[in-house]
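Residue-level structure breakdown
Here is how the chains run, residue by residue.
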Amino acid sequence: MSISLRRVEKPETEPGLLPGLAGLLQEVVASGASVGFLDPLAAGEAEAYWRSVLGALGPGLALWVAEGEGERGPQVLGTVQL
């Protein structure tokens, strides 16, 4: 599988990104990751978290997304925030 890494600059132009980010967060929480949420993590709570991150992007916060080709197109595989 090839993986691409890209910086998210204008999330408002990528409406399909939010479900992938939320799904990834739910998956890692369900797998036991200690990222500030407890399992089960509701989809709405995961989306609210990512909406706040996406809304805060700018000079003080940057987001990169790792993507690979999934069964239904591009799939979010990981993220980095700085």
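Relevant structure appears above.
An account of the accompanying structure is given in this report. (Residues numbered from 1 in each chain as written. Predicted model: local features only at pLDDT ≥ 70, side-chain atom pairs only at ≥ 80, totals over all residues. Heavy atoms only, no water.)

The subject of this paragraph is helix H1 (residues 17-30). Helix length check: H1, at 14 residues, gives a terminal C-alpha distance of 20 Å against a target of 20 Å (1.5 Å per residue), a fit within 8%. Residues Leu-17, Leu-18, Leu-21, Ala-22, Leu-24, Leu-25 and Val-29 constitute the buried set of H1. On an axial view of H1, the arc spanned by its buried residues comes to 160°, and they lie on one face. Following H1 by one or two positions, Gly-32 has its phi on the positive side, about 100°. (Helix = DSSP H or I, 4+ residues; strand = E, 2+ residues; numbered from the N terminus. Expected span 1.5 Å × (residues − 1). Buried < 20%, exposed > 50% of the residue type's maximum accessible area, 1.4 Å probe, protein only. Arc of directions from axis to C-beta.)

Quick look at the sheet that holds strand E1 (residues 3-8) now. Reading across the sheet, the three strands line up as E1-E2-E3 and stay open at both edges, with antiparallel pairing between neighbours. Two strands close off the open sheet at either side, each with one partner strand: E1 and strand E3 (73-81). Neighbour-to-neighbour, the strand axes of the sheet open up by a mean angle of 30°, direction not taken into account. In the packing of H1 onto the sheet, the strands contacted are E1, strand E2 (63-70) and E3, and the crossing angle to E3 comes to about 65°. Those strands touched by helix H2 (residues 43-56) are E1, E2 and E3, and its axis lies near 65° from that of E3. (Pairing = 2+ DSSP bridges. Axes fitted to C-alpha atoms, helices over the stretch in contact; angles between N-to-C directions. Contact = heavy atoms within 4.5 Å.)

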